[in-house]
Amino acid sequence: MESPLASDLLEQLQPLFKEPDFDILFNRLTEGESKSARFLLKMELNRLWSPCIRILDMRSKGYPCEVVQHQGMMHYLGEHDKKIFQEALLRYQQHYTTGVYETVVANAKPQYNQSNELNRTNTNNRLQIRTLEFGSYHQGREERIHYSSPVTLLLEDGQVIKTKTSNLSVNGLRLFLLEPCTYQLGDACQLIFSGLQKEDPQDVIFSPAHYQIRGDEQEEGQTWLRLSCEDQRPEFKEYLRKFIQNNKTRHRVSIDFAFTTTEIKGFEQFYLPRLTGLPLFFSHEKNIKLEYALKTENNQHELEYWRNERNTDLLAGLFNPERMQALLQQPTEQKSTIIYCFTHTLRSHIYFFSATEQELEASGLKALFFSVGSKRSSWRVYLFTLEVIDPHLKLEKLIDSNISMEQYRLGLVHQLQQLKYVAQLTAVNLDSHLEEYQQWSPTESDANLLRDFGHPIDAPTFQIELLHYAQLRREPRYMHKTPVVVKLNGHALIGWTRDISVFGLQVELEASLPCQNGDVVLLSLPKMQDLIKNMKLADLRYRIVNSNNTRTILHLTVDGAPDTHVGREFFEMLIEQNQKKLTMTKEQRHYRGMADSLRNLFVNHQFNYALYVDRHYASKLGILGISQHEHSLDKLLLSADRKEADLQPLFKGPLLKQALMIPLHQARREDRPQVTELFVQYRALPQGKVQNDIRLGNEFGSIAEKKEFISRALALGEFYSVQIRISRTGRPDMEYLAKELHYIAKYAIHKAKQLEEALWSVVGVCDVIDTTEATLQRLDIKR
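What you see is a predicted model; the values in this text were computed from it and never measured.

Caption draft 1: Focus on the overall build of the protein. A tally of regular secondary structure across the protein gives 26 helices and 32 strands. Here the C-alpha atoms of the protein give a radius of gyration of 29 Å, agreeing with the 28 Å that 2.2 N^0.38 yields for 783 residues. In terms of overall dimensions, the protein has C-alpha extents of about 85 × 70 × 60 Å along its principal axes. Each of the 783 residues in the protein was classed as buried or not, and the buried ones make up 52%. Expressed as a percentage of contacts within the protein between residues at least 6 apart in sequence, the contacts between residues at least 24 apart total 69%.

This is the structure we're talking about:
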C-alpha cells in the first residue's frame, strides 16, 4: 500500500474508530499491510478524530451563509456546506473533529472559492511556495506585549519625531511613525518614553534610552520601525522586564514572534538530521584549524570514510594550511571549492589522497587523478563551502536557555568565541558519474605521480558532537572499522566495516562484488578473531538487504535464527562491553550544550535549501527553508524579496512526479536519501519572462548529448545542475519544541494546534544542492 493515508481503507476505518471492538476490526481489515502502513493509519485516525476548535466561516466565499451552532460553537455555512457538515458529524458520531473541519473545507464549491484557494490547486501555481529563513530568530527570543504608548524618537541628525509603540520587549520594540522622517537602517537613536513616564513613573524612565534601528515595514503609506535596545543600564532593562511581567494581564501578549520562531525551529529540526552534508567549525589563530564536526543521521558515513584502519579520525587532514589559505583568498563572502578524494589500501593500511580543482590544474595531473581515483570504490567528490562567522552575532543567543548556570554559559560563550568559520562538506558524487571521470585520458600513466596528493598518516584532532534529534532507528548503530572478508559464489573480497549493530552491519569492499539484494554472504572478521578465541568468527551468514550501484557498499543483516547466530552474539557482547568507550568516542557531548550551540550557529549559515513535502496535497510542496545569506540558486528560484519561491524551473510538468514524488513514495523512513539529479537551461527573456528546459540527469543517451545540452544552455543563458536528496520523515521532534509550544498554547491554543498540525503533515524533506561547478569540471566545460 503506497499511501495508506489516501486509501479506501482509511475511509472504511474512520466511522469504526470509537467502536469497542475497533482493534479487532482494524487487525482484520489491515491484514497483510506492513507495520509502517498500519502505524500511519492509526496515527492519521487519531489526528482526524482529535477535537477541533477552528470555526468554519464561509462568508468570504461569496454566497449566503447562516449561523449553525454545534456544541457551543457558531459556524457560518452555506446551504451546501451545512449538508456536508451534518453528514460529516454523523460520520464522526456528532463530535466536531479535525476530520469534520477538513471534510467541509475540502468540499466547498469550487466556483465560490477565493482566488487564493484556486491557486492552491492550480497546476501552474502549486509550485509557488513560501520560504522560511533558517536561524533568523537568534537575534531575539523573548516575551513581548502589544502596547501602544506615546514615544518621542530622537535621531542623530537632530530630527525629533512623534511616534507610538506597537509592541514592547526588554531588548526591542516596534514603533509606529506618526509623521514622516528620514533614517537609515543601523542608525543609532534615543527614545523618550513620555507615555510610560505618566503611566509608571520611576527615575530610570525619565532619561532618554539608547536604541538602534534594525528594520522597517511599509504598508499603505504607513511606516513601522523595529528597534533593538542598546542601552547599557541594567536598571532600565529591569524596569522594562517588571513592567511587561506586571502588565501581561492588561495587554495582550504577542505570540507572533514566538510562533514564527517555533515554526522555523520545528522545520529546522526536521531537516538537520537528514542533512547529507557535514557541518564543520574552524578556529583561526596562526593557521585555520578544524575544531568541531556535527554528526547527524545522514552524514555519519562521511565521518566513517575518514577513519583509518586504527579507527583514528583523519578528516582534519583534508584541510591542510596551504589549501585553506588558498580558499580564504577568494574574494567572495562565501568561499567554495570542489575536493576530489580516494583511498589506497596496502597491507591493511588505508592511505588518503585528495586534491582541489585548483591544485589539479596547477599540477597538470587532473586527468591522471580522475582516471586513477574514479576506478576505486573509495572515490569521493566533495563540495566544500565556508563562510566567516558574523563577529557581531550575539553568541549568548545560541546557547540553550535550559543551561542556567552563568559560569557555565560564560564557558560556552568562550568556546564559541574561538570559532571563526562555519563550513559544510557535502559528497556530490554519484555512481552514474564514474564513466564521465573515466573518459579523461591522462598523458601520464604512472600513478606514483599522485604521491604529492597523499595525506600524512596522522592528522590534527577535532571533536565530534552529536546533533540532538529524535532517534527513530530500530537499534543503535556504532561507527567501528575492522577488516572483513566477504565470500559469495566463489568470490572472496577484502573490506572493512563502516558501522556495526547487534543485528547487522555495513561493510565497504575494495572491489565490486557480483551480488543482489537477498543474497546470503559468508563474513569473516580476521582481526577480531585474533582477539577472541571462544567464538568462531569465520563464515558467518549474513543477508544483503541493500547495496550501492557498484556493489562495493553492502548493508547486511543476520541470516537465520538470531538467537543462535554467532555474529549477533559477538556484536552484542562487543557493544555491551565497550558501551562507554563507543559513546565517548562517537557520541559524547564533550561540553554540555555545545552540540545545541553549534546547531544554532550552523543554521545561521544554511548552505543548501531544505524543501518540504506536505501530506495533505498529493502533489503539493510545503515550504522552502533558506539561508539568511544569498544562495547560488536564489536567482533561479526565489522572488526578489526572498519571501516566495517558484520551483517550476526544477519541477514543471511531469518532473515533480518523476523527480520527487515517485522516489519519495518508494523510500522508507530508515533509508538513505534517494538522489535525483536535474539539469536546467535558464534563459531570461524580455519583460521579466524566463524560459527553462529541464532534463533528468539519467535521461541523456550519451555523454556527448549531455555536453551538448550544457553548452547550449551556456550559449543562450545560464546552466544549473541540482541534486535533490529526498528523505522520508518520521514523527516530528515535538520534545525539542515542547517549551515553545506550551508558551504559545498558554495564550493562543489554536495557534499551537495549527503549528503541531503543520509539523505532523510533513512526509518528506529534501536537501537541494547546487552542483553546477562540479558538473562543469567533471565534463571539462568552461563557462
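Caption draft 2: Representation of the sheet that holds strand 28 (residues 644–646) in the model. Strand order in this open sheet of eight strands is 28-3-27-26-32-31-29-30, and the pairing throughout is mixed. If you trace the sheet from one side to the other, it starts and ends with strand 28 and strand 30 (690–696), each paired once. Recorded for the sheet is a direction-independent mean angle of 30 degrees between the axes of neighbouring strands.

Caption draft 3: Examining the nonpolar core more closely. Among the nonpolar cores identified, the biggest contains 46 residues, and Tyr-271, Phe-281, Leu-419, Leu-601 and Tyr-612 are the most heavily contacted of them. The element that contributes the greatest number of residues to this core is helix 9 (residues 256–271), accounting for six residues. If we skip the residues at most four places from it in the chain, Leu-601 touches Phe-281, Ile-389, Leu-393, Leu-398, Leu-419 and Val-422. Residues Tyr-609, Ile-626, Leu-660 and Ile-694 belong to the second largest nonpolar core, which totals 34 residues.

Caption draft 4: Here's a closer look at the packing of aromatic side chains. Counted by the stated rule, this structure contains 35 aromatic pairs. Between Trp-306 and Tyr-382 the ring centres are 6.4 Å apart and the planes differ by 35 degrees, which places this aromatic pair in the tilted class. Remark: Tyr-382 occurs in strand 16 (residues 380–388) and Trp-306 occurs in the loop between helix 10 (300–305) and helix 11 (321–328); sequence separation between them is 76 residues. Exposure class is identical for Trp-306 and Tyr-382. Each is buried. Considering the side-chain rings of Phe-370 and Trp-379, the 6.1 Å spacing of their centres and the 80 degrees angle between planes classify their relative orientation as edge-to-face. Note on Trp-379: relative accessible area 4%, which makes it buried. Members of the aromatic cluster, each reached through a chain of ring pairs, are Tyr-340, Phe-342, Phe-353, Phe-369, Phe-370, Trp-379, Tyr-437, Trp-440 and Phe-453. Lying over the aromatic face of Phe-26, Lys-42 brings its terminal NZ or CZ to 5.0 Å of the ring centre.

Caption draft 5: Main features of the sheet that holds strand 14 (residues 334–346). Read from one edge of the open sheet, seven strands run 15-14-16-17-12-13-18, paired in mixed fashion. At either margin of the open sheet sits one strand with a lone partner, and together these are strand 15 (349–356) and strand 18 (463–466). Averaged over neighbouring strand pairs, the angle between their axes works out to 30 degrees when direction is ignored. Note: strand 14 against strand 15, eight bridges, orientation antiparallel. The partner of Thr-345 across the bridge, within strand 15, is Ile-350.

The rules we used
Residues numbered from 1 in each chain as written. Predicted model: local features only at pLDDT ≥ 70, side-chain atom pairs only at ≥ 80, totals over all residues. Heavy atoms only, no water. Helix = DSSP H or I, 4+ residues; strand = E, 2+ residues; numbered from the N terminus. Rg over C-alpha atoms; globule rule 2.2 N^0.38 Å. Buried < 20%, exposed > 50% of the residue type's maximum accessible area, 1.4 Å probe, protein only. Contact = heavy atoms within 4.5 Å. Pairing = 2+ DSSP bridges. Axes fitted to C-alpha atoms, helices over the stretch in contact; angles between N-to-C directions. Core = buried A, V, L, I, M, F, W, Y, C linked by side-chain atoms within 4.5 Å. Phe/Tyr/Trp six-rings, centres within 6.5 Å; stacked < 30°, edge-to-face > 60°. Lys NZ or Arg CZ within 6 Å of the ring centre and 35° of its normal.

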